[in-house]
Each structure stands twice: as C-alpha cells, then as structure tokens.
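# Examination of the molecular architecture
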Amino acid sequence: MCSSDLAATVEGAGSRGPSGGMATGWVEVEIGGEKFVTTRETLCSHGGYFSAVLGETGSQMSDSASSLCVDRDSAPFRHILSWMRTNRLPYAVTADMAQLDAVAEEARFYALAPLEQQCEQAMARLRELEAAQARHMHADRGRSTPRVTDHKTIFQYQICEPYHANDRCGVA
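These lines cover the structure that appears in this document, whether it is placed above or below. (Residues numbered from 1 in each chain as written. Predicted model: local features only at pLDDT ≥ 70, side-chain atom pairs only at ≥ 80, totals over all residues. Heavy atoms only, no water.)

## Quick word on the pattern of salt bridges
Defined as follows: Throughout this description, the term salt bridge denotes a Lys or Arg side-chain nitrogen within 4 Å of a carboxyl oxygen of Asp or Glu. Helical segments are the DSSP runs of H or I of at least four residues, strand segments are the runs of E of at least two, and each set is numbered from the N terminus. Relative accessibility under 20% of the residue-type maximum defines a buried residue, over 50% an exposed one, and the middle range a partly exposed one, all with a 1.4 Å probe and only protein chains included.
A full pass over the atoms with the stated rule returns four salt bridges. Where Glu 34 meets Arg 78, a salt bridge forms, and the shortest distance between an N and an O atom there is 2.1 Å. Residue Glu 34 is located in strand S2 (residues 34–39), and its partner Arg 78 is located in helix H3 (residues 74–86); the two are separated by 44 residues in the primary sequence. The partly exposed category is assigned to Arg 78, whose relative accessible area is 43%. Here Arg 108 ties to Glu 116 by a salt bridge, and the two come within 3.0 Å at their closest N and O atoms. Residue classification places Arg 108 among the partly exposed residues on the basis of a relative accessible area of 41%. Look at Glu 116 and you get partly exposed, because its relative accessible area is 22%.

Structure follows, in structure tokens:
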C-alpha cells in the first residue's frame, strides 16, 4: 500500500490510535514489495536515511503518516532492521560473504556507516579464514579434503584435523 502522499493508514498491523490509524510511532515500510512494521524510533536510532526522512529534520512524512516505500531489495533490509533493533547482525549473515556484501551495499544506501563497517570487518574475517584454510589445504596437497566454507567446519578442521589420526576430537 504505497501511496503517493505517504499518509495512508496501515490495515491490520500494530496498535490502533483513537482515529483508527496506526498508534503514534508505528510505521509500515515497504521495501521491494515486502512490508515491514516497526517504530519510528527503531528506524531513526542510527541516523542515516530513515532519520532524514522520518526524524525531526525530515519533511517527507507528516506526524500522522504511517507508510513509506523504498525501491530497494527486501532481503538485506530484513537483516538491516534486525541490526537496528539489536546492534548485531545475525550469525547466518556474518558467515556468508554474499549476504554480507548485499547488506553492506544497502547500508551504504541507507547511510548506516556503523553497519557498513561491521559488514566490512566480518568480510575481512571470512577472507582471513578462507586464506588460513587455503594455506592448510596447500600444506596437505596429497590429501583429498573437501572445500570448507562455514565457520564451524573451518574451526573444526583447523583445530581437530591435526588430531584426526588419533581420533581425539571424535571426528570421523
């Protein structure tokens, strides 16, 4: 329900105010066709795009407006919204280079520098793990070991593999 005046009420989500519209502070954000309902406080908590649109300096929406549309990809926004609420990215994102890259790109669009930095740091850690794995695999050229891509398996491989011959880690 993206309206051109951004003042449409949201049906069936959140608490209702006395006039039947959304209670103060609730906003429906439609990102790439997917609807997210959250508070203005959450969206404005880290500055950037939403603070400019919804905050004190924002003139795009009136106090009674409850809907905002952004023509961006909704998949990374789900993680961005989670980060806005908790200041942490979900583990599934931090363990996946493609997801981190997508979230970092959207963080740049939404002007969320701290999130972009978190993504860049997580990508650097993943590159370091992959490099360590490559060094380890290079040292064991004669062995046919499958490529390892997730943190848990990399950790298990790096820590337990030297003891594999003695089966100390219980890894078959």
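## Digging into the pairing of strand S1 (residues 26–31)
Where we set the bar: Two strands form a pair only when DSSP identifies at least two bridges running between them.
Counting buried positions along S1 yields five of six residues, so the element is predominantly enclosed. Bridge analysis of S1 against S2 gives six bridges, and the strand direction is antiparallel. Counted as the bridge partner of Glu 30 is Lys 35 from S2. Note that S1 and strand S3 (residues 67–70) share four bridges and pair parallel. Within S3, the position partnered with Glu 30 by the bridge is Cys 69.

## As for the packing of H3 against helix H5 (residues 97–109)
Here is the rule: Here an angle of 0 to 180 degrees is reported between the N-to-C directions of two axes, which are lines fitted to C-alpha atoms, with helices fitted over the stretch in contact. Throughout this description, any angle smaller than 35 degrees is read as roughly parallel, any larger than 145 degrees as roughly antiparallel, any in the 65 to 115 degree range as roughly perpendicular, and the remainder as oblique. Here a residue-residue contact requires only that any non-hydrogen atoms of the pair lie within 4.5 Å. Residues are grouped as follows: nonpolar covers Ala, Val, Leu, Ile, Met, Phe, Trp, Tyr, Cys and Pro; charged covers Asp, Glu, Lys and Arg; every other residue, Gly included, is treated as polar.
The N-to-C vectors of H3 and H5 enclose an angle of 80°; their axes lie 9 Å apart at closest approach. Overall, the two elements H3 and H5 adopt an arrangement that is roughly perpendicular. Packed against H3, whose contacting residues are Pro 76, His 79 and Ile 80, the element H5 presents Gln 99, Ala 102, Val 103, Glu 106 and Ala 107 at the interface. For the contact of H3 with H5, a count of residues per class yields five nonpolar, two polar and one charged.

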